[in-house]
Amino acid sequence: MVLFISVNPTIKKEIDELVSKLEEEYKSLDLIIQVYYLSDIENQIKLVQGGRLSVPNGKINIFKEHGKIEFTNPNNGRQGILVNISANSLRNLYVQYKEQGLFEQNYRYFTKVKKIDDGINTSLKDKRADFWFLNNGIIIACKDFHLDGDNIKLTDFSIINGCQTTSLIGTYKGSNEGVDFAIPCKIVEISIDNQEETNSDYKFLTDIAQSSNSQKPINERDLRANDYKQRELKIALQKRGISLDIKRGSVKKGKKNIKNDLFGQLILSFQYQQPGYAKSNKNKIFSVDNTFEKIFYRKFDTSTIDMMENLIELYQKYKEYRESFYGDETTIKNSLQESVTKNGIFTVIALIGFIIKEKRKLINLSNVNKAEFFKEEIGRFDLTGKFFSSYWYENPENSVELLYALFNYITHEIPREYKESDHISIPNFLKLDSCYKENILPSFITRVYNDITEKDKLTNYSKIFE
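What counts, and where the lines are drawn
Residues numbered from 1 in each chain as written. Predicted model: local features only at pLDDT ≥ 70, side-chain atom pairs only at ≥ 80, totals over all residues. Heavy atoms only, no water. Pairing = 2+ DSSP bridges. Helix = DSSP H or I, 4+ residues; strand = E, 2+ residues; numbered from the N terminus. Axes fitted to C-alpha atoms, helices over the stretch in contact; angles between N-to-C directions. Buried < 20%, exposed > 50% of the residue type's maximum accessible area, 1.4 Å probe, protein only. Parallel < 35°, antiparallel > 145°, perpendicular 65-115°, else oblique. Left-handed = near helix turned anticlockwise from the far one by under 90°. Contact = heavy atoms within 4.5 Å. Salt bridge = Lys/Arg side-chain N within 4 Å of Asp/Glu carboxyl O. Lys, Arg positive; Asp, Glu negative; His and termini not counted. Polar contact = N/O pair within 3.5 Å; in protein donor to acceptor, adjacent residues only side chain to side chain. Arc of directions from axis to C-beta.

**Quick notes on the sheet that holds strand β7 (residues 151-161)**
Right, on to step 1. Read from one edge to the other, the open sheet built from six strands follows the order β3-β7-β6-β8-β5-β4, with strand pairing classed as mixed. Looking at strand neighbours, the two that pair on one side only are β3 (55-61) and β4 (69-72), the edges of this open sheet. Each strand axis lies, on average, 40° off the axis of its neighbour in the sheet, ignoring direction.
Right, on to step 2. Relative to strand β8 (residues 182-189), strand β5 (residues 79-86) is paired through seven bridges, and the arrangement is antiparallel. Bridging across to β8, V83 finds its partner in C185.

Structural data, given as structure tokens:
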């Protein structure tokens with residue numbers, strides 16, 4: 001549960017205590033409550049708008065008596081230092097800079113994982129003297145650092161490993177709260193301003209982050225979290241009021257928010273006509289062949305962003321349709337259509353992409369049986385600009401009715417081919433691009449485009465597109 005409060009309360013401690021009691025009382029439900037105050041919201045807005053990648057200046061206190069290990073790479077002169085830092089000093093860094101770039105080079109922001117968080121909190125409560133042994137410590141990347149007695153001054157710095165540890169220390173309220181202890185910390189001299197893939201510092205930063213993030217499992221999506229093209233797209237969509245979640249924990253649920261893996265699924269379906277791949281291989285978007293590049297590595301000009309904005313709106317409309325009509329016997333006429341409506345969102349999105357491509361004369365239906373049809377003709381990123389027509393914007397109520405009717409029409413057509421296949425279920429049928437290419441789309445073209453009555457229906461529905 002997430003609560004946003006548009007003031008900075010004077011009773012924050014009481015609220016935090018209440019949240020802790022509620023989480024304990026309902027721990028059987030694995031309840032997690034997060035509270036964001038006015039300052040949290042304002043700082044996050046500034047961070048997104050400003051695109052800050054690091055904290056300009058700061059310092060961290062160390063246990064000088066514990067000694068230090070310094071290292072200089074003989075090949076390039078890059079420097080690093082390993083010290084034991086003060087937990088209280090780290091807590092101060094968190095309080096000051098948590099929303100101002102402190103974690104921008106980490107693969108994700110703080111995300112609650114009860115099992116891991118409970119273990120760290122138990123150590124903070126009862127085992128502070130042993131924390132050094134129980135925790136992997138943190139890694140700080142910075143443009144420059146300077147050892148000055150019992151502290152290290154940092155320039156342009158960000159925590160690239162240890163976000164979870166830092167956040168829990170920074171927010172801990174309980175026994176031994178003020179008792180200081182040592183945390184192992186590696187500080188690496190590296191510039192984090194240039195986010196181009198060809199930049200040697202950027203590559204080295206990525207190598208460190210990939211190698212060191214083991215406290216919470218890193219998935220393929222995380223490994224692409226700081227990709228500069230995703231940052232470009234995030235900023236471009238932000239100008240349209242859309243929040244693209246490129247880093248776990250950065251965006252909350254909402255109609256104007258979308259995760260980058262879901263965004264990739266929509267592009268694969270709509271543009272590349274691969275709804276099966278999109279449905280069954282979401283994680284491979286970030287790891288296989290050039291899938292990530294063909295989705296995200298492009299020029300995000302106005303025309304491309306217009307298309308993306310409309311695509312996200314189309315997806316949201318289908319979700320609303322599914323929620324409103326699923327199980328309504330006046331609209332969903334049989335259990336197969338119900339199953340398609342529930343499981344076939346990417347297939348429906350793909351067919352609408354095909355309809356718009358045909359309407360724009362980007363494809364030639366006479367080539368549908370040729371082997372290169374999918375690869376060379378419809379499987380391309382060639383739809384740009386707004387695809388909702390002026391009719392859509394000028395007649396919103398009637399347009400939504402037409403779109404819902406189109407959804408119903410498509411989900412009624414798909415089961416025809418399923419019945420003639422040997423697949424044991426609709427979900428399995430929809431998981432394969434081969435079923436889309438060999439069964440669903442050819443049948444749709446034959447039944448709809450080659451029949452005058454059916455084509456007239458589609459023409460009526462399609463006036464909401466251009």
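**A look at the pairing of β8**
Along any regular strand, the residues point their side chains to alternate faces of the sheet.
Right, on to step 1. Among the eight residues that make up β8, six are buried, leaving the element largely enclosed by the rest of the structure.
Right, on to step 2. Of the pairings in the sheet, the one linking strand β6 (residues 138-148) to β8 comprises five bridges and is parallel in character. Bridging across to β8, I139 finds its partner in K186.

**Details of the packing of helix α15 (residues 345-359) against helix α18 (residues 396-419)**
Right, on to step 1. Two numbers describe how α15 lies on α18: the axes approach to 10 Å, and their chain directions differ by 110°. Considering their axes alone, α15 and α18 lie roughly perpendicular with respect to each other. In terms of crossing hand, the pair formed by α15 and α18 is right-handed. Between α15 and α18, the residues in contact are T347, V348, L351, I352 and I355 and L406, F407, I410, T411 and I414, respectively.

**A few points about the pattern of salt bridges**
Right, on to step 1. Under the definition given, this model contains 17 salt bridges.
Right, on to step 2. A salt bridge links K457 to E454, with the shortest nitrogen-to-oxygen separation between them at 3.6 Å. Of this pair, K457 and E454 both sit in helix α21 (residues 452-461), separated by three residues, roughly a single helical turn.
Right, on to step 3. On the basis of relative accessibility, which here comes to 36%, the residue K457 falls in the partly exposed class.
Right, on to step 4. For E454, a relative accessible area of 13% puts it in the buried group.
Right, on to step 5. Several salt bridges converge on common partners, so that one network encompasses R91, K173 and E177.

**Some words on the side chain of R298**
Right, on to step 1. With respect to the helices, strands and loops of the structure, R298 is situated in the loop between α12 (291-296) and α13 (302-325).
Right, on to step 2. The side chain of R298 is buried and forms no salt bridge, while D301, the nearest opposite charge, is found at 8.6 Å.
Right, on to step 3. There is a polar contact of 2.5 Å between the side chain of R298 and the backbone oxygen of K294.
Right, on to step 4. Other than its neighbours up to four places away in sequence, R298 contacts K229, Y272, T304, M308 and F381.

**A closer look at α21**
Right, on to step 1. Residues of α21 that are buried: E454, L458 and Y461. Taken end-on, α21 shows its buried residues confined to a sector of 55°, consistent with a single buried face.
Right, on to step 2. Looking at the buried positions of α21, the neighbouring elements they touch are α15, α18 and α20 (433-449).
Right, on to step 3. Among the residues of α21, the N-terminal cap falls to D451, whose side-chain oxygen and the backbone nitrogen of T453 are separated by 3.0 Å.

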